[in-house]
Amino acid sequence: MLTDPEIEAARAELHRMIRAAFCRAMHTSRLPTMTLLSLAAGAVGAIYKEVAHQHCRAGSCPCGWEPNRAEDVETLRAALAATTDAAPSTDLRLVEVAGRA
Ligand SMILES: [Zn+2]
């Protein structure tokens with residue numbers, strides 16, 4: 001059973017890694033911000049597809065997850081909406097400043 005600290009640690013680590021990749025892309029490309037954010041969201045979708053595919057064969061993973069694309073994509077949409085509804089954190093303000101540098 002996962003604890004809140006385990007979930008928070010995973011959330012913080014994924015946020016840090018994705019933000020770092022996003023900032024690198026901002027500095028090394030001339031792509032518009034929304035294009036890069038769409039590519040980042042697409043990368044999550046691609047990861048979903050790869051991991052779901054790995055779970056389609058019986059016995060391929062002991063975790064027991066059975067992908068359901070419609071439900072899973074709705075869960076991902078809800079997570080994106082909930083996160084973007086939240087007040088911006090200090091970290092996100094730093095991303096915006098870094099993007100304009
Ligand atoms: Zn699994």
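Residues numbered from 1 in each chain as written. Predicted model: local features only at pLDDT ≥ 70, side-chain atom pairs only at ≥ 80, totals over all residues.

Caption draft 1: Seen up close, the overall build of the protein chain. The helix and strand inventory of the protein chain stands at four helices and zero strands. Listed by position from the N terminus, the elements making up the protein chain come as α-α-α-α. Residue burial in the protein chain is summarised as follows: out of 101 residues, 0% are buried. (Helix = DSSP H or I, 4+ residues; strand = E, 2+ residues; numbered from the N terminus. Buried ≥ 20, exposed ≤ 12 C-beta atoms within 10 Å, placed from the backbone.)

Caption draft 2: Structural view of helix H3 (residues 69–85). With 17 residues, H3 should cover 24 Å at 1.5 Å per step; its first-to-last C-alpha distance of 24 Å lies within 8% of that length. Little of H3 sits out of view: just zero of its 17 residues are buried. (Expected span 1.5 Å × (residues − 1).)

Caption draft 3: Spatial organisation of helix H2 (residues 33–54). Compared with the 32 Å implied by 1.5 Å per residue over 22 residues, the 32 Å span of H2 between its first and last C-alpha is a close match. Along H2, only zero of the 22 residues are buried, which leaves the element largely exposed.

Caption draft 4: Representation of the confidence of the model for the protein chain. Confidence in the prediction for the protein chain averages 88 pLDDT; 85% of positions are at 70 or higher. Taken element by element, the predicted model of the protein chain shows its lowest mean pLDDT in helix H4 (residues 90–100) (53) and its highest in H2 (97). (pLDDT = per-residue confidence, 0-100.)

Caption draft 5: Molecular detail of the environment of Asp 72. Here Asp 72 is to be found in helix H3. Along the sequence, Asp 72 and Ala 52 sit 20 residues apart, while their C-alpha atoms lie 9.8 Å from each other. Contacts of Asp 72, omitting those with residues within four sequence positions, involve Tyr 48 and Pro 67. (Contact = placed C-beta atoms within 7 Å.)

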